[in-house]
Amino acid sequence: MRLVTAFVTLLVCSMVLSPALWRSRATAGDGKQHVLILHSYHKGLEWTDSEDQGILSVLKSRSPDIDVHTEYMDTKRISTDAYYSGFSRFLKRKYAAIAFQVVLVTDDDAFNFYLKYHQALFPGVPAVFCGVNYFKDSDRAGRQGLITGVVEAFDIPNTLRTALRLHPDTTRVIVINDRTTTGLANKKILEEVRPEFEEKVSFVFLENVDMAEVLEEVGYLAKGDLILLMTFNRDRSGNVYDYDQSIALISRAARVPIYGVWDFYLGKGIVGGMLTSGRDQGRTAAEIALRIVNGEKVRNIPVVQESPNRYMFDYLQLKRFRLRQSELPENSIVINLPDSFYGRYKRFILVSAAIIATLSLIIVILLVNISLRKRFEKALRESEEKYRDLYDHAPDMYHSINREGIILDCNATEVAMLGYPKEEIVGRPIADFLTEDSRKTHEREFSTLTEHRTLFGLEREFRRKDGATFTASLNVFIDVDAQGRLTRTKTIGRDVTEQKRVEEALRKSREELRSLSDHIQSALEEERGHIAREIHVELGQVLSKLKLDLAWLKKRLGGDQQPLREKTEAMSGLVDSTIKTVQRISSALRPGVLDYLGLAAAIEWQAQEFRDQTGIDCTVAVPPDGSVPDQDVATAVFRIFQEALTNVIRHARATRVAVRLEKDDGAVRLAIQDNGRGIPDEKAASHASFGLISMKERARFLGGRVSIDSLPGEGTTITVNIPCRKAATP
């Protein structure tokens, strides 16, 4: 029945935790490092809680990026094979999407569970154990790269030696222990150290009994008896007791000293002993886990065989059994000590000392503040003088105006630039110093200034007192009140008259260079056409006549003139090759198909030449009527197409090119798309990319543009848009 209840509980937990399971899967890629804490026992058991607190005190304080997951096996209540199998399936489902860096297992049951199921649940994930009572090196055999930790080597010998030294009349040691996994391990260790003490005392074991029997036996103990309390969490009838319950019941029934080996009994009825701390166990294990998370190899981290144990005693029990503190081992920790004067009035003493220290500090601060204030006042005066000097002698003009547009202040530089005395500038509207056009712009835009906090590059034309004008570029910074209304502006201005003159001259120079470039391109195209025609007509005719003459000569050679016939055939083949070369050169200089069949046919012809030359697949889509009446536009589009194909051959490493020609709204549009490696941004913007520059300049001169859309590894699309300047003839 208990097993069925456990499975039902497990099923309900699975259903309740399903949303959490999905959330864990959703967050498995959150970049955090995941650590699983697997406790043998249940939450609320003081030993388990102290281990958990020790682990978290290290993980949370030192590594905030670690995501900690905690599970309780509850083996004090149920520990059957079927339960372990079901629990493993539950963990497998819950944490299927989480990759753990390390698993922290506490106490023997969780450790043994990891040894049995880690291949199925956590393949390759290392484990750090703590609280394991009887660790064997064989547990790590073949798993040196997976298992390490800290052994719970509780110190029974030193606890007994101390107890017998403090109670020299002891003749019997009553050992209270249960038959749980921990209890069996306790007895095994006790049996190993028992021979050391059997000459002095006899051992009586209270185990595999009900709690009522334990309390009855304890109540009969008298002088000469001493209790060694191990663990008693489950009695023979299956009743479960946590550590607080068992020590409370036993200490109330006992009239003889009780000693233990764990600190969770301290302060609740035991005198003390060499105690093992669950918090220290957890802290030590967490330190090891952090080393693994930080990349240290598990095989390089030895198992900590010496548990961090300490002598600890309860003053109330020492007083009850008339034991002196001086008889305790050196460096023993004693709790529940009576209050000393300092202990009783500690808070008052600390508060008084804090008040005195605070008042003394205030006095010192006031003295220092007075000294600093004098120093700051002097520095402020010097700073104001430096600011005024910088303000008046800055290379740029500076002024501020209020919401009515009245000048509140200006610097000496602006006074010199306007040619007015400062008293004739301050208090007047800024519009009085602007030319007519700039005054209208100012009056139109001034009311909208509060929509901005800063304005850069405003250009206004100012008029000097002598009538001369200059253009200033203004940077305006706006102050507003709580209602968002303008209170004043702070404006920095720079005379850009010469700069604008240079920019205008540069613009004209660029236009002239582009005109010259277009003229050169036109002359070059015309010369190419002329040369192509000359080569095609003159040289082509001569080669054709030469081929005919060779054919005539071959027919008149007799059969006995075989060497001459072979020479003639070779010359005829050379003439054919030369004719093809002439045709190729002529087409390269100026394709006749462009002049006679139009742009669409020329693009199809060039695409076929590209396919034949490179073996790259090239598809072409052209409109049914692909003619372009403007020969300059047709030539520019064709040359850009040729340059784009040249770039594909040289740089793209493409296997496919798609070309589309379109005509709409009086414009020609050509798109060349490849699946190559793309053009890096710095390459596309480089002044050394002459091919790209040539394409853009050809289109720009005709009022068009070339756009390049490219991503590394995803190919390139070059789009050409050029308006047709001549209407098609009917």
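Below you will find a few notes about this structure. Nothing here was measured: the structure is a model prediction, and the numbers come from that model. (Residues numbered from 1 in each chain as written. Predicted model: local features only at pLDDT ≥ 70, side-chain atom pairs only at ≥ 80, totals over all residues. Heavy atoms only, no water.)

**As for the overall build of the protein**
And then number 1: When helices and strands are tallied, the protein shows 22 helices and 22 strands.
And then number 2: Of the accessible surface of the protein, which amounts to about 40,400 Å², a share of 53% is contributed by carbon and sulfur atoms. (Helix = DSSP H or I, 4+ residues; strand = E, 2+ residues; numbered from the N terminus. Areas by Shrake-Rupley, 256 points an atom, 1.4 Å probe, with all protein chains shown as cover.)

**Details of the packing of helix H19 (residues 599–614) against helix H20 (residues 631–652)**
Packed helix pairs are specified by the crossing angle of their axes together with the interaxial distance, meaning the distance between the axes.
And then number 1: The geometry of H19 relative to H20 is characterised by a closest axis approach of 10 Å and an angle of 15° between their N-to-C directions. Relative to H20, the element H19 lies roughly parallel. For the crossing formed where H19 meets H20, the hand is right-handed. Contacts between H19 and H20 involve Leu599, Ala602, Ile603, Trp605, Gln606, Ala607, Phe610, Gln613 and Thr614 from the former and Ala634, Val637, Phe638, Phe641, Gln642, Leu645, Val648 and Ile649 from the latter.
And then number 2: Tallied by class, residues from the contact of H19 with H20 come to 13 nonpolar, four polar and no charged. (Axes fitted to C-alpha atoms, helices over the stretch in contact; angles between N-to-C directions. Parallel < 35°, antiparallel > 145°, perpendicular 65-115°, else oblique. Left-handed = near helix turned anticlockwise from the far one by under 90°. Contact = heavy atoms within 4.5 Å. Nonpolar A, V, L, I, M, F, W, Y, C, P; charged D, E, K, R; others polar.)

**Some points on the sheet that holds strand S13 (residues 397–402)**
And then number 1: A sheet is described by the order of its strands in space; here five strands give the open sequence S14-S13-S17-S16-S15, paired in antiparallel fashion. Edge positions in the sheet fall to strand S14 (407–410) and strand S15 (454–463), since each of these pairs with one other strand and no more. Neighbour-to-neighbour, the strand axes of this sheet turn through a mean angle of 30°, independent of strand direction.
And then number 2: Note: S15 against strand S16 (residues 469–480), eight bridges, orientation antiparallel. Note that in S16 the partner of Glu459 across the bridge is Ser473. (Pairing = 2+ DSSP bridges.)

**Quick notes on the environment of Asp225**
And then number 1: When you line up the elements, Asp225 lands in strand S8 (residues 225–229).
And then number 2: Residues Asp225 and Arg255, spaced 30 residues apart in sequence, show a C-alpha to C-alpha distance of 9.5 Å.
And then number 3: For Asp225, the residues in contact, after removing those within four places along its chain, are Arg172, Val256 and Pro257.
And then number 4: In terms of polar contacts, Asp225 uses its side chain to reach the side chain of Arg172, at 3.0 Å. (Polar contact = N/O pair within 3.5 Å; in protein donor to acceptor, adjacent residues only side chain to side chain.)

**Regarding the nonpolar core**
And then number 1: In this structure, Ile156, Ile176 and Ile227 are the most contacted members of the largest nonpolar core, which totals 56 residues.
And then number 2: In terms of residues, this core owes the most to one element, helix H6 (residues 156–166), which gives five residues.
And then number 3: The residues contacting Ile156, other than those within four sequence positions of it, are Asn186, Ile189, Leu190, Val193, Leu228, Met230 and Val261.
And then number 4: By size, the runner-up hydrophobic cluster in this structure holds 35 residues, among which are Phe641, Ala644, Leu692 and Met695. (Core = buried A, V, L, I, M, F, W, Y, C linked by side-chain atoms within 4.5 Å. Buried < 20%, exposed > 50% of the residue type's maximum accessible area, 1.4 Å probe, protein only.)

**Remarks on H6**
A turn of α-helix holds 3.6 residues, and therefore any two residues three or four places apart point the same way.
And then number 1: Of all eleven residues in H6, eight are buried, a share of seventy percent or more.
And then number 2: Within the span of H6, buried status applies to Ile156, Pro157, Thr159, Leu160, Thr162, Ala163, Leu164 and Leu166.

**Observations concerning a nonpolar patch on the surface**
And then number 1: On the surface, Val351, Ile355, Leu359, Ile362 and Leu366 cluster together into a nonpolar patch covering about 440 Å² of accessible area.
And then number 2: You can see Leu366 is positioned in helix H13 (residues 346–392).
And then number 3: Take Leu366: its relative accessible area is 48%, and that puts it in the partly exposed class. (Patch = residues over 30% accessible without salt bridge, like charges linked within 9 Å, V, L, I, M, F, W, Y side chains within 5 Å. Salt bridge = Lys/Arg side-chain N within 4 Å of Asp/Glu carboxyl O.)

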